[in-house]
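Coordinate inspection notes
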Amino acid sequence: MTKRPSPISATVDFDADGVQHGFLKLPISNDESAWGAVMIPITVVKNGEGPTALLTGGNHGDEYEGITALMKLASTLEATDVTGRVIIVPMMNTPAVMAGKRTSGLDGGNLNRSFPGDPDGSVTEKIADYFTRVMVPMSDVVLDLHSGGRTLDIIPFGASHVLEDADQQRQALEGAKAFGAPYAMMMFELDAEALFDTAVERQGKIFVATELGGGGTSTPESLAITERGVRNFLIHYGLIEGRVEMPAEPQVYLDMPDASCYVQSEHSGLLELTLALGEPVERGQVIARVYDMTRSGTPPVEYRAERSGILAARRFPAQVNMGDTIAVIAEVVESLA
Ligand code: CA
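Residues numbered from 1 in each chain as written. Predicted model: local features only at pLDDT ≥ 70, side-chain atom pairs only at ≥ 80, totals over all residues. Heavy atoms only, no water.

Turning our eyes to something else, we now look at helix 3 (residues 123-135). Along its 13 residues, helix 3 runs 17 Å from first to last C-alpha, staying within 8% of the 18 Å computed at 1.5 Å per residue. With 10 of 13 residues buried, helix 3 lies mostly within the body of the structure. (Helix = DSSP H or I, 4+ residues; strand = E, 2+ residues; numbered from the N terminus. Expected span 1.5 Å × (residues − 1). Buried < 20%, exposed > 50% of the residue type's maximum accessible area, 1.4 Å probe, protein only.)

Listed below in structure tokens is the structure:
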């Protein structure tokens, strides 16, 4: 069955030259607003012919590095800076960003588990569908800025995936490296099927993701890496002029070969990580302890690394529940081919 057109409409003209600030409007009807709309801010900067880059933040509402960097870019990028078209959506899941949460304040939807989406689905599924069927087809390269949010803290990296199309994989990997974060990652996803990433990659487009810190805030360091990375991305794919600026230290290449990179808790309690982010880990080393919070004097449960590498991500809050990811251990590799 063919899907009906998206109920979302744009107040910007994607074909017009110049800078436009507007909204993607999604009709809603609820107790607060009978004839209302979710208003998703969008900025389009176009100058003549050339490629289209889609820059997205706030796919998860509590990942502030990308949101902040794209809000800043949207207010400063000029048409004369650009060859082609830069489309900026700093808060893809606006209802989640407004709620200060990973998921939508309207329907609880996790946008990055809602692709390809549905024009007749929930608010979140409607947003996913619009990106899948309207925004991605008009784009050549997509940069989706993630970070750890409130429950994770993650080393800063540009990421791409193993893809069936070798040329598409190579072009995305080059973009992930050119983002110029301290790390570049070949990422293994726990549940790739419903990701924005997969929706973009299936259309043959170049997709680069990031992780850039976390904890539900941004820092001067994480924001500087993010802003430089967005600029590098646009330079690398020919949207703006300039030279890609790499970090002072040589970029470290990381690989997540399989699901054993993720260390998940089998206990609830008080979490102690024995390592800082970016520190090397040896297989068998104790990386975390979980303490029973209901009584004192009980020895903690120890978690040991199942592989060697570096600590690439950690749970941010000190309280942990069964099933939470405590840590991610990534493998350091010589090169990302
Ligand atoms: Ca995320």
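Now that the structure is up, let's keep going.
This brings us to the confidence of the model for the protein chain. Considering every residue of the protein chain, the mean pLDDT works out to 96; 100% of them sit at 70 or more. Across the protein chain, the element-wise mean pLDDT spans from 94 in strand 9 (residues 183-186) up to 99 in strand 5 (residues 84-89). (pLDDT = per-residue confidence, 0-100.)

What follows is about the pattern of salt bridges. Applying the stated criterion to the full structure yields 18 salt bridges. For Asp120, the salt bridge identified is with Arg4, shortest N-O distance 2.5 Å. In this pair, Asp120 is assigned in the loop between helix 2 (94-99) and helix 3 and Arg4 in the segment before strand 1 (9-10), connecting sequence segments 116 residues apart. Arg231 is paired through a salt bridge with Glu245; the nearest N and O atoms lie 3.8 Å apart. Of the two residues, Arg231 sits in helix 6 (residues 220-236) while Glu245 sits in the loop between helix 6 and strand 11 (252-255), which places them 14 residues apart along the sequence. Overall, the relative accessible area of 43% leaves Glu245 in the partly exposed class. Ionic contacts of the salt-bridge type, sharing partners, join the residues Glu272, Arg289, Glu302 and Arg304 into one network. (Salt bridge = Lys/Arg side-chain N within 4 Å of Asp/Glu carboxyl O.)

Where two aromatic rings form a pair, the distance of their centres and the angle of their planes describe that pair. Using the criterion set out here, one finds five aromatic pairs in the structure. Ring geometry for Phe131 versus Phe196: centroids 6.0 Å apart, planes at 85°, classification edge-to-face. Placement of the pair is Phe131 in helix 3 and Phe196 in helix 5 (residues 196-201), with a sequence separation of 65 residues. Neither residue differs from the other here; Phe131 and Phe196 are each classed as buried. Ring centres of Phe196 and Phe207 lie 5.8 Å apart, and the angle between their planes is 90°; this geometry places the pair in the edge-to-face category. Of this pair, Phe196 sits in helix 5 while Phe207 sits in strand 10 (residues 206-211), placing them 11 residues apart in sequence. The exposure classification of Phe196 matches that of Phe207, with both residues buried. (Phe/Tyr/Trp six-rings, centres within 6.5 Å; stacked < 30°, edge-to-face > 60°.)

Below, the discussion takes up the pairing of strand 9. Burial along strand 9 is two-sided: Tyr183 and Met185 facing one way and Ala184 and Met186 facing the other are all buried. Note: strand 8 (residues 157-160) against strand 9, four bridges, orientation parallel. Across the sheet, the residue bridging to Ala159 is Met185, located in strand 9. The parallel pair strand 8 and strand 9 is bridged by helix 4 (residues 166-178), and the resulting crossover is right-handed. Of the strand pairs in this sheet, strand 9 and strand 11 are connected by four bridges, and their pairing is parallel. For Met186, the partnering residue across the bridge sits in strand 11 and is Asp255. (Pairing = 2+ DSSP bridges. Right-handed = clockwise from strand over helix to strand, strands pointing away.)

Judged from the three bridges that link them, strand 11 and strand 19 (residues 325-333) form a sheet pairing that is antiparallel. Bridge pairing links Leu254 to Val332 in strand 19. Of the strand pairs in this sheet, strand 12 (residues 262-264) and strand 19 are connected by three bridges, and their pairing is antiparallel. Note on strand 19: the bridge partner recorded for Tyr262 is Val328. Where strand 17 (residues 309-315) meets strand 19, four bridges bridge the pair, whose relative direction is antiparallel. Within strand 19, the position partnered with Leu311 by the bridge is Ile329.

Among the secondary structure elements, His60 is positioned in the loop between strand 4 (52-56) and helix 1 (64-76). Only 3.2 Å separates the side chain of His60 from the side chain of Glu63, close enough to count as a polar contact. (Polar contact = N/O pair within 3.5 Å; in protein donor to acceptor, adjacent residues only side chain to side chain.)

Moving on, we come to the coordination of the calcium ion. Only His60 (ND1), Glu63 (OE), Glu63 (OE) and His146 (ND1) from the protein coordinate the calcium ion, and they sit 2.3 to 2.6 Å from it. Here the donor residues of the calcium ion share one chain and are spaced in sequence as H-x2-E-x82-H. A relative accessible area of 2% means that His60 is categorised as buried. Given a relative accessible area of 2%, Glu63 falls into the buried group. (Donors = N, O, S within 2.8 Å, 3.2 Å for Na, K, Ca; no water.)

When the terminal C-alpha atoms of helix 4 are compared, their 18 Å separation across 13 residues agrees well with the 18 Å that a helix rising 1.5 Å per residue should span. Of the residues making up helix 4, those classed as buried are Gln168, Gln169, Ala172, Leu173, Gly175, Ala176 and Ala178. Where helix 4 is buried, its residues meet strand 8, strand 9, helix 5, strand 10 and helix 6. For helix 4, the N-terminal capping position is held by Asp165, with its side-chain oxygen 2.9 Å away from the main-chain nitrogen of Asp167. (Contact = heavy atoms within 4.5 Å.)

Looking now at the sheet that holds strand 15 (residues 286-291). If you trace the four strands from one edge of the open sheet to the other, you get 16-15-13-18, paired in antiparallel fashion. At either margin of the open sheet sits one strand with a lone partner, and together these are strand 16 (301-304) and strand 18 (319-320). As paired strands, strand 15 and strand 16 are joined by four bridges and run antiparallel to one another. Paired with Val290 across the bridge in strand 16 is Val301.

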